[in-house]
Amino acid sequence: MSQHSKPLYYSDYLQLDTLLNTQVPESGQHGPAAHDEMLFIITHQTYELWFKQILHELLSVLELFSKTPLDEKRLHIISVRLDRIIRIQAVINQQIGIIETMTPLDFLDFRNYLIPASGFQSRQFREIELRLGLSHHFSNASFGRFNPEDSAYLERIAKQPSLFEWVDAWLARTPFLECEGFSFWACYRRAVDQMLASDADIIRNNPLLSDQEKQQQFTEHESTRQSFDCLFEQRLYEQYRQQGRFQLSHKATLAALFIQLYRDEPLLQLPFRVLSRLMDIDEHLTHWRSSHALMAQRMLGSKIGTGGSSGHDYLKATVSAKRIFADLFNLSTFLIPRSLLPALPNSLLRDLGFQQDRH
Ligand code: HEM
């Protein structure tokens, strides 16, 4: 029992009287009640509750990132909270399967009563997108669908630093890339040249390829070399970034790559885990967009959405357009086999968590 004078009662604590009286189907108010509208409402409400929890975690992660130094303890809490978001995403992604038990004809029983309301107007969903960092590379055009209060709120959020920005700043601060007498990137470039030269030999000596096929493979090989060049030449990188081929800053990309390459070193294991969590969040969101787009097609075919978009076509386009941490996925382009990785100097290895010199 608590210190309350009256023992706390389950439904009072959870305010169930309020919560369970907030399902108000439209259909019954205009004609015959549509059986499936209850499922439609409860599914959306459940999503919104989980969105609330995701924002709760996300805001705390942003707060932790905003404090320097970002020590191991904070990074660990960040990783744990990001993991919680991922688990929630896994659950809400599954809910699409529940709403798909409603047939398109059942949906039509009440769909027209909903116009012009739409998931477009989910303020929490947009806030999650903005807090994660979508505002950087996607227009906020759809704010226009919100009422003035929600719209003003989102405009404010859009101006605040996002997770993407904090991650970029944190990565860009990562030390270890240069130390006395050792330039990691010069060594890495030599290793890349070695790898590319060996790839070229494989093409040249492949007896199964015709001259034309070899030519084709050499063209692709050259394009891989050019992508590597942008790693080593900041000016080229910035050009690519302006074309939208990268979102992260040059320094952040180098640091993220370093973390990926040397993730076995003790001090880099936690940063590697955080980067992996960010990719998981992006991947789950992308899965959701894709499943939701398919579900909308199943329900609507090529009809427009209640919010006035082109429906499935609009949603399908968001799957690839609204990526937040795609750069972290694309880093794999720059990975080279472990056997070619430059050996790190002992002093650096010590800093990365080894106690003893290695010879
Ligand atoms: C029968 C079920 C559903 C259908 C047919 C459907 C259809 C659509 C359509 C067509 C859009 C594009 C905007 C528009 O023109 O209205 C949209 C947007 C959206 N819907 Fe759904 N939806 C359904 C269920 C859900 C559920 C359960 C959620 C959970 C919250 C949801 C969340 C969203 C969100 C967040 C957007 C904005 C996406 C963006 O702009 O990137 N929808 N929906």
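Residues numbered from 1 in each chain as written. Predicted model: local features only at pLDDT ≥ 70, side-chain atom pairs only at ≥ 80, totals over all residues. Heavy atoms only, no water.

**What about the packing of helix H4 (residues 37–65) against helix H5 (residues 72–99)?**
The condition is simple: Interaxial angle, 0 to 180 degrees, is taken between N-to-C directions of lines fitted to C-alpha atoms, where a helix line uses only the stretch in contact. Secondary structure counts use DSSP, requiring at least four H or I residues in a row for a helix and at least two E residues in a row for a strand, with both numbered from the N terminus. Should an angle fall under 35 degrees it is taken as roughly parallel, and over 145 as roughly antiparallel, whereas 65 to 115 is taken as roughly perpendicular and any remaining angle as oblique. Each crossing gets its hand from how the near helix is turned against the far one by less than a right angle, where anticlockwise is left-handed and clockwise is right-handed. We call Asp, Glu, Lys and Arg charged. Ala, Val, Leu, Ile, Met, Phe, Trp, Tyr, Cys and Pro are nonpolar, and the rest, Gly among them, are polar.
For the pair H4 and H5, the least separation of the axes is 10 Å and the interaxial angle reads 165°. In terms of orientation, H4 lies roughly antiparallel with respect to H5. Once H4 is placed against H5, the crossing between them reads as left-handed. Looking at the contact of H4 with H5 residue by residue, the class counts come to 20 nonpolar, 6 polar and 4 charged.

**Digging into the coordination of the iron atom of the ligand**
The cut-off we apply is this: Metal coordination here is assigned from N, O and S atoms located within 2.8 Å of the ion, or within 3.2 Å for Na, K and Ca; omission of water means that sites may look incomplete.
In this structure the iron atom of the ligand is ligated by exactly one protein donor, His-292 (NE2), at 2.2 Å. Tracing the backbone shows His-292 in helix H15 (residues 266–300).

**Describing the side chain of Thr-174**
The following threshold applies: Definition of a polar contact: a pair of N or O atoms within 3.5 Å, with one able to donate and the other able to accept a hydrogen when the atoms are protein atoms, and with sequence-neighbouring residues admitted only if both atoms are side-chain atoms.
Checked against the element boundaries, Thr-174 lands in the loop between helix H10 (163–173) and strand S1 (178–179). One polar contact links the side chain of Thr-174 to the main-chain carbonyl oxygen of Leu-171, over a distance of 2.8 Å.

**A few points about a nonpolar patch on the surface**
This is how the line gets drawn: Within the patch definition used here, like charges are joined within 9 Å and nonpolar side chains (Val, Leu, Ile, Met, Phe, Trp, Tyr) within 5 Å, considering only residues with over 30% relative accessible area and no salt bridge. Residue-level accessible areas treat just the shown protein chains as cover; the underlying method is Shrake-Rupley with a 1.4 Å probe. Salt bridge criterion: a side-chain nitrogen from Lys or Arg within 4 Å of a carboxyl oxygen from Asp or Glu.
Taken together, the side chains of Leu-8, Tyr-10, Tyr-13 and Leu-14 make up a nonpolar region of the molecular surface, amounting to roughly 490 Å² of accessible area. Inspection of the secondary structure puts Tyr-13 in helix H1 (residues 10–13).

**So, H10**
Formally: In this scheme, a residue with accessible area under 20% of its type's maximum is buried, one over 50% is exposed, and one in between is partly exposed, where area comes from a 1.4 Å probe on protein chains only. The arc in question is traced by the directions running from the helix axis to the C-beta atoms. Residues count as neighbours in contact if any of their non-hydrogen atoms are within 4.5 Å of one another.
What H10 keeps buried is the set Leu-163, Phe-164, Val-167, Asp-168, Trp-170 and Leu-171. Seen end-on, H10 carries its buried residues on one side only, within an arc spanning 165°. Buried positions along H10 lie against H4, H5, helix H8 (123–132), helix H14 (250–261) and H15.

**Things to note about the site of the ligand**
Here is the rule: Any residue with a non-hydrogen atom lying within 4 Å of a molecule or strand is treated as near it. Cavities and pockets are defined on a 1 Å grid built over the protein atoms alone: a cavity is a set of grid points where a 1.4 Å probe fits but cannot escape, while a pocket is an open set with protein on both sides within 12 Å along at least five of seven lines, and lining residues are those with an atom within 4 Å of any such point. For this analysis, a molecule is said to be in a pocket or cavity if more than half of its atoms are within 2 Å of the grid points defining it.
Every one of the 28 residues lining the ligand counts as a neighbour, but Ser-118, Arg-126, His-292, Ser-309 and Tyr-314 are closest to it. Here an oxygen atom of the ligand sits 2.7 Å away from a polar atom, N or O, in the side chain of Ser-309. Judged by its atoms lying within 2 Å of the grid points, the ligand is housed in the largest pocket. Secondary structure elements with two or more residues in the shell around the ligand: H4, H8, H15 and helix H16 (312–321). Broken down by element, the residue count for the shell around the ligand peaks at 7 residues, all from H15.

**Brief notes about the pattern of salt bridges**
Applying the stated rule across the entire model yields 19 salt bridges. Between Asp-83 and Arg-87 there is a salt bridge whose closest N-O contact spans 3.1 Å. Of this pair, Asp-83 and Arg-87 are both found in helix H5, 4 residues apart, which corresponds to roughly one turn of the helix. Given the relative accessible area of 22%, Asp-83 is considered partly exposed. Across the salt bridge formed by Asp-193 and Arg-225, the nearest N and O atoms sit 3.8 Å from each other. Linking Asp-193 in helix H11 (residues 184–204) with Arg-225 in helix H12 (residues 211–232), this pair joins segments that are 32 residues apart in sequence. For Arg-225, a relative accessible area of 28% gives the class partly exposed. Ionic contacts of the salt-bridge type, sharing partners, join the residues Arg-126, Glu-129, Arg-289 and Lys-322 into one network.

**Topic: the confidence of the model for the chain**
For the record, the criterion: The quantity called pLDDT is the predictor's confidence in a given residue, expressed from 0 to 100.
The pLDDT averaged across the chain works out to 91; a share of 93% of its residues lies at or above 70. Long-range and interchain partners of residues 136–140, a stretch whose pLDDT sits below 50, account for 12 contacts in this model, where long-range means more than four residues apart. Considering only residues more than four positions removed or in separate chains, one finds that residues 354–359, a stretch of pLDDT under 50, has 9 contacts.

**Observations regarding the layout of surface pockets**
Our working definition: Grid points are joined across faces, edges and corners, and a volume is the space filled by probe spheres set on the points.
Space inside the largest pocket adds up to approximately 1,200 Å³. The wall of the largest pocket is formed by 45 residues, among which His-44, Ser-118, Gly-119, Phe-120 and His-292 lie closest to the centre. The set of elements that each furnish at least two residues to the lining of the largest pocket consists of H4, H5, helix H7 (111–114), H8, H15 and H16. Of the residues forming the lining of the largest pocket, the biggest block, 9 residues, is contributed by H4. Around the second largest pocket sit 13 residues that line it, and Leu-70, Leu-75, Trp-170, Pro-175 and Pro-271 are the ones nearest its centre. Element by element, the count of residues in the lining of the second largest pocket is highest for H15, at 3 residues.

**Looking at the environment of Ser-122**
Its location among the elements puts Ser-122 in the loop between H7 and H8. Its relative accessible area of 9% is what places Ser-122 among the buried residues. For the pair formed by Ser-122 and His-44, sequence separation is 78 residues and the distance between their alpha carbons is 9.7 Å. Aside from chain neighbours lying at most four places away, what touches Ser-122 is Glu-48, Phe-51 and Phe-146.

**Side note on empty space enclosed by the protein**
All told, the structure shown has 1 cavity of 30 Å³ or more when counted by the stated rule. Put simply, the largest cavity is a space of about 140 Å³. As for the largest cavity, its lining consists of 14 residues, and the residues nearest its centre are Ile-54, Gln-89, Ile-92, Ile-128 and Leu-285. Elements represented by at least two residues in the lining of the largest cavity include exactly H4, H5, H8 and H15.

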